[in-house]
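Remarks on the overall topology
Spelled out, the chains give:
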Amino acid sequence: MSQRAEPGENEPEDAAQQRLDSDLEVRLWRVPGQDAPAPVEVEDGAPYWWHGDEDASQAFLAAQGVVL
């Protein structure tokens, strides 16, 4: 399914896959041996990749190489 999806104009190659993952809410799927992630309320008009302030903060820290 994702192989047939094409990214939009001026989007990175993996944008179509990320959009599909967001539509299916893959990040909320339960992984055996771990607790299911809590759903996050996302404001209307937020981009498909936005998963809330906490996720954005953690992603920023990881991108900066900060390990807590």
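The paragraphs below set out a description of the structure included in this document. From a predicted model like this one, the values you see are computed outputs, not experimental measurements. Residue numbers restart at each chain and count upward from 1, following the sequence in its written direction. Under the rules for a predicted model, residues below a pLDDT of 70 receive no local features and side-chain atom pairs below 80 are neither given nor counted, while totals for whole chains, interfaces and linings still include all residues. Heavy atoms throughout the structure, all of them, feed into the side-chain values; hydrogens and water do not.

Remarks on the overall build of the protein
Put simply, the rule is: What counts as a helix is a DSSP run of H or I of at least four residues, what counts as a strand is a run of E of at least two, and both are numbered from the N terminus. Only protein chains enter the area calculation, which uses a 1.4 Å probe; residues under 20% of their type maximum are buried, those over 50% are exposed, and those in between are partly exposed. In this description, accessible areas are obtained by the Shrake-Rupley approach with a 1.4 Å probe, and a residue is regarded as covered only by the protein chains that are shown.
Looking only at helices and strands, the protein has 2 helices and 0 strands in total. Burial analysis of the protein (68 residues in total) assigns 4% to the buried set. Total accessible area on the protein stands at roughly 6000 Å², and carbon and sulfur atoms take up 51% of it.

Here we look at a negative patch on the surface
As a reminder, the rule being used: Like-charged residues are merged into a patch within 9 Å and nonpolar side chains (Val, Leu, Ile, Met, Phe, Trp, Tyr) within 5 Å, provided each residue has over 30% relative accessible area and no salt bridge. Salt bridges are counted wherever a side-chain nitrogen of Lys or Arg sits within 4 Å of a carboxyl oxygen of Asp or Glu. Under the counting rule used here, the positive set is Lys and Arg, the negative set is Asp and Glu, and His together with the chain ends is not counted. By convention, the point assigned to a charge is CZ for Arg, NZ for Lys, CD for Glu and CG for Asp.
Together, Glu41, Glu43, Asp44, Asp53, Glu54 and Asp55 line one region of the surface with negative charge. Among the structural elements, aspartate 55 can be located in helix 2 (residues 53-63).

Structural notes on unusual backbone geometry
Despite not being glycine, glutamate 25 has its phi angle at roughly 50°, a positive value. Positionally, glutamate 25 belongs in the loop between helix 1 (15-23) and helix 2. We classify glutamate 25 as partly exposed; its relative accessible area is 47%.

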